[in-house]
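Observations on the model geometry
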Amino acid sequence: MKDSFKHQGLRQQLVKTIKKKGIKDEKVLNAIGKVPRHLFIDSGFLDHAYQDKPFPIAAGQTISQPFTVAYQTELLKVKSGDKILEIGTGSGYQAAVLIEMGARVYSIERQKALFKRTSKFLPKIGYHPKKLIFGDGYKGLPEEAPFDGIVVTAGAPYVPKPLLEQLKIGGRLVIPVGEHSQRMTVYIRTGEKEYDKKEYDYFRFVPLLEDKN
Ligand code: SAH
């Protein structure tokens, strides 16, 4: 698994691009500048790894656009040591960015094949999540709650209640909400039963799928 000067150079270009698009948090930009995105992408797409675009990965899913990853990560306001839950592990790229920022990462994926692949892959390139879980993100991870932050990386038709309940007071849920396009929404838990809600830009995510049984 190789990183090279060429890849590092391309990554710095990518950092410039997402900075121009509005990402300001230096810690986020720094993490994007470090994670070797080309290793997350099927070899056929290698040349495109550092363009600011989403790409197909295994099982008909996608690795999110770097700008989108940066945007969500910025809204999470991650501090080193924070306990973060991600819904939708996918390729593991978002998880790697969070780990790079010093977060303790828990991540849930509902597709077995992706879960297995990413569970093997991340440690191989030096990223060690606290736990990767094969399961349903709508339920969150009650046994590890509360979390400083929760990030949902698939489009949610509605906000799953367990995710709100699994936040620390002061914790943040970053979730794209909507059916066809999604509005990036942040819930900040301000009390036992109180939340502040903030709305941001529109995006298009693959759907957060619900098991109907
Ligand atoms: N964070 C990923 C992006 C993954 S795309 C990355 O950085 O590459 C969204 C992922 O959410 C897909 O892998 C999809 O299988 C997963 N997903 C969809 N519905 C889910 C659910 N209910 N629970 C957990 N994961 C889900």
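Conventions and cut-offs
Residues numbered from 1 in each chain as written. Predicted model: local features only at pLDDT ≥ 70, side-chain atom pairs only at ≥ 80, totals over all residues. Heavy atoms only, no water. Helix = DSSP H or I, 4+ residues; strand = E, 2+ residues; numbered from the N terminus. Rg over C-alpha atoms; globule rule 2.2 N^0.38 Å. Buried < 20%, exposed > 50% of the residue type's maximum accessible area, 1.4 Å probe, protein only. Areas by Shrake-Rupley, 256 points an atom, 1.4 Å probe, with all protein chains shown as cover. Lys, Arg positive; Asp, Glu negative; His and termini not counted. Charge placed at Lys NZ, Arg CZ, Asp CG, Glu CD. Salt bridge = Lys/Arg side-chain N within 4 Å of Asp/Glu carboxyl O. Near = heavy atom within 4 Å. Polar contact = N/O pair within 3.5 Å; in protein donor to acceptor, adjacent residues only side chain to side chain. 1 Å grid on protein atoms, 1.4 Å probe; cavity = no way out; pocket = protein on both sides within 12 Å on 5 of 7 lines; lining within 4 Å. Sits in = over half its atoms within 2 Å of the grid points. Nonpolar A, V, L, I, M, F, W, Y, C, P; charged D, E, K, R; others polar. Patch = residues over 30% accessible without salt bridge, like charges linked within 9 Å, V, L, I, M, F, W, Y side chains within 5 Å. Core = buried A, V, L, I, M, F, W, Y, C linked by side-chain atoms within 4.5 Å. Contact = heavy atoms within 4.5 Å. Points joined across faces, edges and corners; volume = space filled by probe spheres on them.

Across its full length, the protein chain holds six helices and nine strands. Since a compact globule built from 213 residues should have a radius of gyration of about 17 Å, the 16 Å found for the protein chain is in line with a globular shape. If one aligns the C-alpha atoms of the protein chain with their principal axes, the spans along those axes are about 50 × 35 × 35 Å. Sorting the 213 residues of the protein chain into buried and exposed places 52% on the buried side. For the protein chain, the exposed surface amounts to about 10,500 Å²; the carbon and sulfur share of it is 52%. Taken together, the 35 basic and 24 acidic charged side chains of the protein chain have centroids lying 4 Å from each other.

Take unusual backbone geometry next. Backbone torsion omega between A145 and P146 reads 5°, so that peptide bond is classified as cis. The residue K77 is not glycine, and still its phi comes out positive at about 50°. By the secondary structure assignment, K77 is in the loop between helix 3 (66–76) and strand 3 (83–87).

What the rule picks out here adds up to 11 salt bridges. A salt bridge links K21 to D52; the nearest nitrogen and oxygen atoms lie 2.5 Å apart. Note that K21 is positioned in the loop between helix 1 (5–20) and helix 2 (26–32) and D52 in the loop between helix 2 and strand 1 (55–56), a separation of 31 residues in sequence. Residue class for K21 comes out partly exposed when judged on its relative accessible area of 43%. Take D52: its relative accessible area is 12%, and that puts it in the buried class.

Residues in contact with the ligand amount to 27 residues; listed here are only the nearest, E86, S91, E109, G137 and L209. Contact between the ligand and G88: a nitrogen atom at 2.9 Å from a main-chain N or O atom of the residue. Within the side chain of E109, one N or O atom sits 2.6 Å away from an oxygen atom of the ligand. Alone, the ligand offers 580 Å² of accessible surface; in the complex the protein occludes 99% of this. The cavity that encloses the ligand is the largest pocket. Secondary structure elements with two or more residues in the shell around the ligand: strand 2 (62–63), strand 3, helix 4 (93–100) and strand 4 (104–109). In terms of residue class, the shell around the ligand is made up of 11 nonpolar, 12 polar and four charged.

Taken together, the side chains of K112, K116, K120 and K124 define a basic patch exposed on the protein surface. For K124, a relative accessible area of 59% corresponds to the exposed category.

Okay, the nonpolar core next. One finds I32 and F40 to be the most contacted residues of the largest nonpolar core, which totals 48 residues. Elements that contribute at least two residues to this core include exactly helix 1, helix 2, helix 3, helix 4, helix 5 (112–124) and strand 8 (182–189). Here I32 is in contact with R11, L14, V15, I18, P66, V69, A70, Y93 and V97, once residues within four sequence places are set aside. Counting residues in hydrophobic clusters, the runner-up holds 20 residues, among them I133, F147, A156 and L164.

Another point: the layout of surface pockets. In this structure, the largest pocket occupies an estimated 510 Å³ of space. Along its surface, the largest pocket is lined by 34 residues, and Q61, T62, T153, A154 and V206 are the ones closest to its centre. Mapped onto the lining of the largest pocket, the elements with two or more residues apiece are strand 2, helix 3, strand 3, helix 4 and strand 4. Looking at side-chain class alone, the lining of the largest pocket contains 14 nonpolar, 15 polar and five charged residues. Looking at the second largest pocket, its volume works out to about 170 Å³. In terms of lining residues, the second largest pocket is bounded by H38, L39, F40, I41, D42, S43, L46, S91, R117, T118 and F121. Of the residues that constitute the lining of the second largest pocket, the class distribution is five nonpolar, four polar and two charged.

Just geometry here; none of it tells us what the structure is for.
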